[in-house]
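Below, each chain spelled out in residue letters.
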Amino acid sequence: MSEAAPRPLHLVTVGALAGSVLAFEVVLLRLFEFSHWHHFAGLTIALALLGFGASGTLLSVIGERAGRFGDRWLVLSLLVAAAGFLLVLLLHAWVALRPLMAVWDASELLRLLAIDFAAFIPFFGAGLALGQVFARWPRHAGWLYAANLGGSGIGTLLATLLLVAMLPEAALALIAALLLGFCVLFSALRRIRVGIVSAALLLVAASWLALSSPEPAISDFKALSRVLALPDAQRLEQRPGLAGRLTLVRSSSLRSAPGLSLNWTGRVLASDAAIVGSDRLVPIERDYRQVPSYSEASLAALPLQLRPSGRVAVLGSGTWATPSHAVDRALTWVEPDDRLPALAIERGLNADAMQDSPYRFLNTNRDAFAVIALDRTFDGSGAATEDYLLTRQGLRAALARLDNNGLLAIPLKLDYPPRQGPRMLATLAASLRALGVDEPADHVVALRGMQALLILVSPQPLTDTDLDLIRSFAERWSFDRVWHPGLAEQEVNRYHLLDTPIFFEAAQAVFGDTAMPEQARWFETGPVGIARPYFWHAMQWSTIPQLFEMLGTRAASYLDWTLVMSAVTLVAATLAAALLILAPLGRMPPASAAFTRAEVIGYFGLLGFGFMLIELAMLQRMTAFVELPVLAAAVIFTLFMIGAGIGSAMPPRQRGADALRPIFRALAIGGGLAILALWWPGQPLLALPLSARIMLLAALLLPMTWAMGRPFPWALQHLVGTPSWQPWSWAINGFASVLAASTATLLSVQAGQPVTLLAGIGCYLGAWLIARRGARRLESVVESGASQSNRAAAGRAAAR
């Protein structure tokens, strides 16, 4: 016999399942980033999330039959989700992907599809359970949705804590073990014997995998794979952490000296390599007690030669290793991942290590430096990565932290045609003008070698002494001068010859009145601002055909693959979502007196789309306030899930138009507080310690997230009595969230974070208009029914 209301145990089960799936998603992203190509990780996660929508579609077709299985259906869903976790873990240990080869290699495509399908299973299993409980207890949708969101928030926190303490593969096995342990308990309490036995067997396997986790197979395109393939390579240690696993590797073949002149004929000593994740490589010297002998021939040491005294600040870490050349200076090393400076300090480096983001450090620290080196810029980053330092505002803050004649050093990898160089010069010119400099050209020097471009900037015009030293250094070590005051065209492009002096011509276009060279215009060349802090985004969609026409297949290496895969994800997910949303439509009964079918699709679709757009816009902005992106994501996801869960548990009691006003009024007020908190001019929050920043941001964001959770259960109240529509509405909401995730990335990169935020607000406004129309229609139906009842009663009274 069906129970009239869910028991507390059922609500806990919903929360446990939702939490485990969210924890799985967080850990899976880190696992994909480590073992495969992170661009395809986003595609796989998006397709896997379609499992929620697919389960809703299936339940809509099945109808009330799923509810007849009662708690056995819940147990089956728990087992499917946990088994999916373990299958994903084992496949990652067995299968090393080369995703780009899937275009022409059928076996590679099959492996990629196997990974995608395995990641689909846990979400599909969880969706079956969550959709069924909505159909079983439609009048308690608010509490069920609250348990789902609250569990998701707790799961995000759990995943974050696990990644601090252990490697992702062990964390994934432990999450599966915890879910299976709960499944055993639930089955025992509900006396489902087959659930006890099945969950116990899987629990033994999950526990064994948690204690002896199989190491993920790594694509041979990854830096870690290449380093471990070197002769006599040995793995010295591995350390877990929020920034990713750190692997320390030693080999006599490991030598790193980016920016070194080809004229150098001396030795470069072997160093160790600290690899964060599987792609970010940071050289770690074996002994930091003396300056490398090749410093005199290195672009990395040039700023230190030009400013031989005074304090030095190094922002971030990478293969461009300024700390190696500054061992005899007062050195401050600012790095969000404190494990990297710690390794160098253990080996004799005398430095003041600060675990902080470079952007926050520059905006809160009041020390002055002779040299500030942005080591992190040499290795670049993803096109969709927020980089607030490399904006007009961030570089202006860096220039303000220099001594009167200090130098800001910005190394970039050399691309031809140039991708980032012209844009960096344009952003620096805008930063200098914002500081009141009339002639930015007099403050900038740029040199290039075979693979490196170094840009030096000073808050004061460069002196003749500086220029003489730079000319002498460039001529002695055969570096090409790209720009400095007074540089003539016949002095450029002398050593590392290019077809045209395109870097010099690009600098002339930035600092003078000439046109930007055509090949530079294939990419973004304008200055970067804080509303659109995507310096590493270079690709222009409109020039892609021209790029392939000029460069052939080599043009693929110049694409921003993060954005390309976001677009592919959006198209693939849209097609899948359209199919799965429309598939059961012909079998669906009328929705309700309040909503038509189109309005149900519009309302729940707009809520899902708007929720995700606002959440991701807030996350993109949060990375300016929280040092590690993973921690920023954990804070935002937890606040949104728990806040919306509390709101879902407090839906308005009224069903008419009167209930809408307080819902959306609270949403407007809460949204205004959140926007002020994250976009307030001057950003006073940056001055607070990390814990205070997180607590204050939580207090300011929770009212908005609470309000965002209320419209969903309010609308579900109007679908009570139509069991097929509640899981279908859930599916529509899930599909919209998947589509919004890719849309938010593309929209923020192309148009700016405020546009993404406004689009999310627009979605909620659209949902409000649909809800108001439906509520008024319902009121008219009720009034019409009441009027007919009154007339009937009057007729009966007259008859008597």
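Heads up: the structure comes first, above all this text.
Structure report, in brief. Only a predicted model underlies this, so the values are computations on that prediction, with no experimental measurement involved.

Thoughts on the sheet that holds strand β4 (residues 280–284)
One open sheet accounts for 4 strands, arranged β1-β2-β3-β4; its pairing is antiparallel. Of all the strands in the sheet, the pair left with one neighbour each is β1 (234–239) and β4. Direction aside, the axes of adjacent strands within the sheet are offset by 25 degrees on average. Where β1 and strand β2 (residues 246–250) come together, 5 bridges link them in antiparallel fashion. By the bridge assignment, Glu237 is partnered in β2 with Leu248.

A few points about the packing of aromatic side chains
Counted according to the given criterion, the structure contains 16 aromatic pairs. Ring centres 4.6 Å apart and planes at 25 degrees place the aromatic pair Phe24 and Phe85 in the stacked group. Of this pair, Phe24 sits in helix α1 (residues 8–35) while Phe85 is found in helix α4 (residues 71–94), placing the two residues 61 residues apart along the sequence. Across this residue pair, the class does not change: Phe24 and Phe85 are buried. When the ring of Phe535 is compared with that of Trp536, the centres are 4.9 Å apart and the planes differ by 85 degrees; the resulting orientation is edge-to-face. The two residues Phe535 and Trp536 agree in class, both being buried.

Some words on the packing of helix α14 (residues 392–400) against helix α15 (residues 421–434)
For the pair α14 and α15, interaxial distance at closest approach is 8 Å and the crossing angle is 60 degrees. Here the hand of the crossing between α14 and α15 comes out right-handed. Taking contact as the criterion, the partners of Arg392, Leu395, Arg396 and Leu399 in α14 are, on α15, Met424, Thr427, Leu428, Ala430, Ser431, Leu432 and Ala434. Residue composition of the contact of α14 with α15, grouped by class: 7 nonpolar, 2 polar and 2 charged.

Section: the sheet that holds strand β11 (residues 452–457)
Spatially, the 8 strands line up as an open sheet ordered β7-β6-β5-β8-β9-β11-β10-β12, and their pairing is mixed. Sheet topology places β7 (352–354) and β12 (480–483) at the edges, where each strand pairs with a single neighbour. Taking each pair of neighbouring strands and ignoring which way they run, the sheet shows an average axis angle of 20 degrees. Bridge count for strand β10 (residues 444–448) against β11 is 5 bridges, and the pairing is antiparallel.

Concerning helix α12 (residues 339–346)
Taken together, the buried positions of α12 are Arg339, Leu340, Pro341, Leu343 and Ala344. Residues of α12 that are buried in the fold lie against β1, β2, β3 (272–276), β4, β6 (331–334) and β7. Positive phi shows up at Gly348, right after α12, with a value of about 105 degrees.

Here we look at the pattern of salt bridges
Taken as a whole, this structure holds 26 salt bridges when the rule is applied. Residue Arg239 pairs with Glu346 through a salt bridge whose shortest N-O separation is 3.8 Å. Separated by 107 residues along the polypeptide, Arg239 in strand β1 and Glu346 in helix α12 bring together distant segments of the chain. For Glu346, a relative accessible area of 56% gives the class exposed.

Rules and cut-offs
Residues numbered from 1 in each chain as written. Predicted model: local features only at pLDDT ≥ 70, side-chain atom pairs only at ≥ 80, totals over all residues. Heavy atoms only, no water. Pairing = 2+ DSSP bridges. Helix = DSSP H or I, 4+ residues; strand = E, 2+ residues; numbered from the N terminus. Axes fitted to C-alpha atoms, helices over the stretch in contact; angles between N-to-C directions. Phe/Tyr/Trp six-rings, centres within 6.5 Å; stacked < 30°, edge-to-face > 60°. Buried < 20%, exposed > 50% of the residue type's maximum accessible area, 1.4 Å probe, protein only. Left-handed = near helix turned anticlockwise from the far one by under 90°. Contact = heavy atoms within 4.5 Å. Nonpolar A, V, L, I, M, F, W, Y, C, P; charged D, E, K, R; others polar. Salt bridge = Lys/Arg side-chain N within 4 Å of Asp/Glu carboxyl O.

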